[in-house]
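# Summary of the model geometry
These are the residues of each chain, in order.
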Amino acid sequence: MNNIFEIDKPRSNCAIFGIFNHPEASVMTYYGLHAQQHRGQEASGICSSEYIPEKKKYRFNIHKGHGIALEVFSDQNILTNVLKGNAAIGHNRYSTTGASDSRSNIQPFKVNFKEGSLALSHNGNFTNTKQLRNKLQDEGTIFQTTSDSEILLHLIARSKQKEMIDKILEACRQVRGAYSLLFMTRDKLIGVRDPHGIRPLVLGKTKGNGTVICSESCALDLIEAEFEREGEPGEMVVADARGVHSHKPFLPAVERF
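Per chain, residues are indexed from 1 in the order of the written sequence. Totals for whole chains, interfaces and linings use every residue, but because this is a predicted model, local features are given only for residues with pLDDT of at least 70 and side-chain atom pairs only at 80 or more, for both listing and counting. Think of the side-chain values as coming from all heavy atoms in the structure, minus any hydrogens and water.

## Details of the overall build of the chain
Spelled out, the test is: Numbering of helices and strands starts at the N terminus; helices are DSSP runs of H or I of at least 4 residues and strands are runs of E of at least 2. Burial classification: accessible surface area is computed with a 1.4 Å probe over protein chains only, and a residue below 20% of its type maximum counts as buried, one above 50% as exposed, and the rest as partly exposed. Note on definitions: a residue-residue contact is assigned when non-hydrogen atoms from the two residues lie within 4.5 Å. Each accessible area value is a Shrake-Rupley result obtained with a 1.4 Å probe; residue values ignore everything except the protein chains displayed when judging cover. When charges are counted, neither His nor the chain ends are considered; positive counts come from Lys and Arg and negative counts from Asp and Glu. Here the site of a charge means NZ on Lys, CZ on Arg, CG on Asp, or CD on Glu.
When you go through the chain residue by residue, the secondary structure sums to seven helices and 13 strands. In terms of principal-axis extent, the alpha carbons of the chain reach across some 45 × 45 × 40 Å. Residues classed as buried in the chain amount to 54% of the 257 residues present. Once local pairs closer than 6 in sequence are excluded, the contacts in the chain between residues at least 24 apart make up 65%. When the accessible surface of the chain is split by element, carbon and sulfur atoms take 48% of a total near 12400 Å². Across the chain, the centroid of the 32 positively charged side chains sits 6 Å from that of the 29 negatively charged ones.

Printed below as a string of structure tokens:
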């Protein structure tokens, strides 16, 4: 019998996919998840960022569920009329013995901060999950899931930094392990690869000058995007209206022999 209080960590083979500056962002994300279906079959989800002109603000739309991408997004209306927007991130969750079947653990995670909405897709594991979780709970944090990914969101929410990128950086510097992350803000797509570079992260470009960040290059092939390069260990890649920018905010990883 599974322990319902066991911390459920995102599995090493989860798939992540994000796209920025594309008129059919959610459709491309669906294809990207379909191409990476071998990395996870337990659950699938997509979150899109849609600009609402009459309100002059962004809205995050999300749909996720148990099953493979083909099953979760079997209704075409979800991709074309619900998940609107020019940016989106997605996630395929890897099914293993003992993995939680709770819907609350299905990614992407979407939260609302004072500075706006934020969505997260995570591939990998944090090795200091227990310590961070205990510390946050001792300080009054209430967790909604058993996923270690949620720890990042709480660390970001508690950050005193002014800019969202700086909040994300401060949070990422506190976690340890092997991971690749995708964050989506209202106007940015942000990819982060851990300093050891153990989990994969690749960058691509669509024909319409859209930016793609995902786990494997097979996702680029299916949407006819051009492979540019792999994300470097310890690199943060930010795609926004000004283009694509690379940052190296982490200390070099200590070599292990």
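## Here's the deal with helix α4 (residues 129–138)
Operational definition: Summarising the geometry, the arc corresponds to the directions from the helix axis toward the C-beta atoms.
Buried within α4 we find T129, L132, R133 and L136. The buried residues of α4 occupy an angular sector of 95° when the element is viewed end-on, so they sit on one face. For α4, the exposed residues set more than 90 degrees away from the buried face come down to K130, Q131 and D138. Among the structural elements, β6 (116–126) and α5 (149–158) are those in contact with the buried residues of α4. In the stretch just after α4, G140 is the one whose phi turns positive, near 105°.

## What to know about the sheet that holds strand β12 (residues 236–240)
What counts is decided by this rule: Strands are treated as partners if at least two bridges between them are detected by DSSP. Axis definition: a line fitted to C-alpha atoms, over the contacting stretch in the case of helices. Angles run 0 to 180 degrees between N-to-C directions.
One open sheet accounts for six strands, arranged β5-β6-β7-β8-β12-β13; its pairing is antiparallel. Every other strand in the sheet has two partners, leaving β5 (109–113) and β13 (243–247) as the edge strands with one partner each. The average angle at which neighbouring strand axes cross in this sheet is 20°, direction not considered. Where β5 lies against β6, five bridges are found, and the strand directions are antiparallel. Paired with F109 across the bridge in β6 is L120. Those strands touched by α5 are β5, β6 and β7 (177–184), and its axis lies near 135° from that of β6.

## Considering the packing of aromatic side chains
To keep things clear, this is the line we draw: Between the rings of Phe, Tyr and Trp (Trp by its six-membered ring), a pair exists once the centres lie within 6.5 Å; its type follows the angle of the planes, with under 30 degrees stacked, over 60 edge-to-face, and the other angles tilted. Two limits define a charge over a ring: the Lys NZ or Arg CZ must be within 6 Å of the ring centre, and within 35 degrees of the ring normal.
Summed over all chains, the structure comprises four aromatic pairs. Seen from their ring centres, Y30 and Y31 are 5.5 Å apart, and the 55° between their planes marks the pair as tilted. Judged by centre distance (5.5 Å) and plane angle (75°), the rings of F126 and Y179 are edge-to-face. Note that F126 is positioned in strand β6 and Y179 in strand β7, a separation of 53 residues in sequence. Of the two residues examined, F126 and Y179, each falls in the buried class. In textbook terms, an aromatic cluster arises when at least three aromatic residues are bridged by ring pairs, as seen for Y30, Y31 and F73. Sitting over the ring of F143, R133 keeps its end group 4.0 Å from the ring centre.

## Re the packing of α5 against helix α6 (residues 164–172)
Under the convention used in this document: These descriptions rest on fixed angle ranges, namely under 35 degrees for roughly parallel, over 145 for roughly antiparallel, 65 to 115 for roughly perpendicular, and the rest for oblique. Handedness of each helix crossing follows the sense of rotation of the near helix against the far helix: counterclockwise by less than a right angle gives left-handed, clockwise gives right-handed.
It is at 8 Å that the axes of α5 and α6 come closest, and there the two elements cross at 125°. By the angle between their directions, the pair α5 and α6 is classed as oblique. When the axes of α5 and α6 are compared, the crossing they make is right-handed. Between α5 and α6, the residues in contact are L152, L155 and I156 and M164, K167, I168, A171 and C172, respectively.

## Thoughts on the side chain of S215
Which entries qualify depends on this criterion: Polar contacts here mean pairs of N or O atoms no more than 3.5 Å apart (in protein, one a potential hydrogen donor and the other a potential acceptor; neighbouring residues in sequence count only if both atoms are side-chain atoms).
Positionally, S215 belongs in the loop between β10 (211–214) and α7 (218–222). In terms of polar contacts, S215 uses its side chain to reach the backbone amide nitrogen of I16, at 3.0 Å.

## Some points on the sheet that holds strand β4 (residues 87–93)
Across the sheet, which stays open at both edges, the seven strands sit in the order β3-β2-β4-β1-β10-β9-β11 with antiparallel pairing between neighbours. Looking at strand neighbours, the two that pair on one side only are β3 (57–66) and β11 (226–230), the edges of this open sheet. The mean inter-strand angle of the sheet, taken between neighbouring strand axes irrespective of direction, is 15°. Relative to β4, strand β1 (residues 15–20) is paired through six bridges, and the arrangement is antiparallel. Residue F17 lies in a different strand from β4, and its bridge partner there is G90.

## Thoughts on the packing of α4 against α5
Across the interface, α4 lies against α5 with an axial gap of 11 Å and an inter-helix angle of 45°. Our classification of the angle between α4 and α5 gives oblique. As for the relative orientation of α4 and α5, their crossing is left-handed in sense. Side by side, α4 and α5 meet where T129, L132, R133 and L136 of the first sit next to I151, H154, L155 and R158 of the second.

So yeah, pure geometry; function would need other evidence.
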